Amino acid sequence: MIRTNLCDILDIEYPVISGGMVWCSGWKLASAVSNEGGLGLIGAGSMSPEVLQEHIRKTRAATSKPFGVNLPLMSRDADNNINIIEQERVPVVFTSAGNPSKYTQRLKAQGIRVIHVIANEKFAVKAQEAGVDAVVAEGFEAGGHNGKEETTTLVLVKQIADKVSVPVIAAGGIASGEQIAAMLCLGAAGVQIGTLFALSEESSAHINFKNAAFAAMEGDTKLFFRKLSPTRLLKGGFFSMVEEAENRGATAEELLEIIGIGRSKLGIFDGDLQNGELEIGQAVSMIRKLKSVKTIFEELKAGFDLAKTRL
Ligand SMILES: Cc1cc2nc3c(=O)[nH]c(=O)nc-3n(C[C@H](O)[C@H](O)[C@H](O)COP(=O)(O)O)c2cc1C
């Protein structure tokens, strides 16, 4: 795989980042990805400040390479988690789901690299104006929360790469080396991968969740909650419940009630396929078995080399 300017900015070998993912991205996954030469992110969205501190320290003990923290800006503990990130001198922060001007300058003043996740052109420009070091352009195929515009990765990455001068990291639907090469062809300086790493050995997701994902076919994920925050879900009990509610025209308030609290933990971490929320991306149908992060990197590199010969 080739080096890009993103590798210099983040001090990494390969331009591959494991996205921060609630209930999946703890110290084990983050350190494994960093040890393979990518950038591993700890997903702070499901962590209290105490838990985040523990994961940062364990990541540091397990790798001497750079790593980062993903901080969803609207998460309950965002303000306290920022304090932990500063205290622990985390080298890189990926912010998402919120206003990029909120913390960017504060973190940058301490020498922390800041990268913001966007799903449309307006927010890419806003993030650049806020002073970020790069943006993640995340398209419609992605697992987890999604943009309201529903722009696909293929369209979004090209559009954003043409629009902003900071490096663009492509995300959404990428689960092979060939797809990484395709994104670099569009002008991306790297990729952020979620679904593939969520289903790795080192992910802290429950084995029931991983096995349900390995059995999923093309078309088995769907975007729901367009009236709230669009979220891509895997077929299961909760999927059917939400589908039925949306088909009968449930209001945003009714949908909020259906979600309740703790649904994603129940599905992803506790492995309750009936009642839990199962967040995963369209690329799930390309991933058929449990693999270590080391094997995943070997395959990504081989796929990238194959794409180069095709070009
Ligand atoms: C289970 C799961 C949980 C996620 N949680 C978060 C999160 O907490 N914060 C965030 O910014 N993105 C989150 N994402 C999005 C990923 O970080 C990443 O951008 C996305 O998965 C990329 O698309 P892909 O799944 O097609 O690889 C999540 C994705 C998944 C699959």
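Structure's up top.
Residues numbered from 1 in each chain as written. Predicted model: local features only at pLDDT ≥ 70, side-chain atom pairs only at ≥ 80, totals over all residues.

**Q** Just give me the short version of the overall build of the protein, but keep the residues and values in it.
**A** Each helix and strand counted, the protein has 14 helices and eleven strands in total. Since a compact globule built from 311 residues should have a radius of gyration of about 19 Å, the 18 Å found for the protein is in line with a globular shape. Taking the principal axes of the C-alpha coordinates as reference, the protein spans close to 50 × 45 × 40 Å. The buried share among the 311 residues of the protein stands at 51%. Intrachain contacts of the protein at a sequence separation of at least 6 include 65% that bridge at least 24 residues. (Helix = DSSP H or I, 4+ residues; strand = E, 2+ residues; numbered from the N terminus. Rg over C-alpha atoms; globule rule 2.2 N^0.38 Å. Buried ≥ 20, exposed ≤ 12 C-beta atoms within 10 Å, placed from the backbone. Contact = placed C-beta atoms within 7 Å.)

**Q** Please give an account of the site of the ligand that cites residues and values.
**A** The ligand sits among 30 residues. The nearest are G19, G143, G144, G194 and G281. Secondary-structure elements contributing two or more residues to the shell around the ligand are strand 3 (67–72), strand 9 (190–193) and helix 9 (195–198). Considering only residue class, the shell around the ligand consists of 13 nonpolar, 14 polar and three charged. Each of two domains, domain 1 (5–204 + 286–310) and domain 2 (207–284), supplies a minimum of three residues to the shell around the ligand. (Near = placed C-beta within 6 Å. Nonpolar A, V, L, I, M, F, W, Y, C, P; charged D, E, K, R; others polar. Domains from an automatic or database assignment.)

**Q** Outline the pairing of strand 2 (residues 39–43), supporting the account with residue identities and numerical values.
**A** Most of strand 2 sits out of view: five of its five residues are buried. Neither face of strand 2 is exposed, since L39, L41 and G43 on one face and G40 and I42 on the opposite face are all buried. Sheet analysis places strand 1 (residues 16–18) next to strand 2, joined by two bridges and oriented parallel. Within strand 2, the position partnered with S18 by the bridge is G40. After leaving strand 1, the chain enters helix 2 (residues 27–35) and then returns to the sheet as strand 2, a path that is right-handed. Pairing of strand 2 with strand 3, which is carried by four bridges, proceeds in the parallel orientation. Paired with L41 across the strands is G68, a residue of strand 3. Once the chain exits strand 2 it traverses helix 3 (residues 49–62) before rejoining the sheet at strand 3, and the crossover so formed is right-handed. (Pairing = 2+ DSSP bridges. Right-handed = clockwise from strand over helix to strand, strands pointing away.)

**Q** Can you tell me about the environment of S31, naming the residues and giving the values?
**A** Take S31: it is sitting in helix 2. We classify S31 as buried; it has 24 C-beta atoms within 10 Å. On a C-alpha basis, the gap between S31 and P66 in space is 8.9 Å, while along the polypeptide they are 35 residues apart. If we ignore the near neighbours within four places in the chain, the residues touching S31 are G40, T59, A62, T63 and F67.

**Q** I'd like to hear about the sheet that holds strand 10 (residues 221–224), residue by residue, with values.
**A** Here three strands make up an open sheet; going across it, the order is 7-11-10 and the pairing antiparallel. Edge positions in the sheet fall to strand 7 (144–145) and strand 10, since each of these pairs with one other strand and no more. One ladder, built from four bridges, connects strand 10 with strand 11 (residues 231–234); its direction is antiparallel. Within the sheet, the bridge partner assigned to T221 lies in strand 11 and is L234. Along the sheet, helix 11 (residues 237–247) makes contact with strand 10 and strand 11, crossing strand 11 at roughly 125°. (Axes fitted to C-alpha atoms, helices over the stretch in contact; angles between N-to-C directions.)

**Q** Lay out helix 8 (residues 177–185) in plain terms, naming residues and giving numbers.
**A** For helix 8, the full list of buried residues reads G177, Q179, I180, A181 and M183. Where helix 8 is buried, its residues meet strand 1, helix 7 (153–163), strand 8 (168–171), strand 9 and helix 14 (293–310). A positive phi of about 115° marks G187, the residue just after helix 8.

**Q** So what's going on with the sheet that holds strand 1? Residues and values would help.
**A** Spatially, the eight strands close up into a barrel ordered 1-2-3-4-5-6-8-9, and their pairing is parallel. Strand-to-strand, the axes of this sheet are offset by a mean angle of 25°, without reference to chain direction. Note: strand 1 against strand 9, three bridges, orientation parallel. Bridging from a neighbouring strand, V16 pairs with V191 of strand 9.

**Q** Tell me about the packing of helix 6 (residues 121–130) against helix 7, and please be specific about residues and values.
**A** Pairs of packed helices are described in terms of their axes, by the angle between the two and the distance that separates them. Close contact between helix 6 and helix 7 brings their axes to 10 Å; oriented N to C, the two are set at 35°. At the point where helix 6 passes helix 7, the crossing takes the right-handed sense. Residue-level inspection shows E121, A124 and V125 of helix 6 in contact with helix 7, the latter providing Q159, I160 and K163. For the contact of helix 6 with helix 7, the residue count by class is three nonpolar, one polar and two charged. (Left-handed = near helix turned anticlockwise from the far one by under 90°.)

Geometry only, nothing functional implied.
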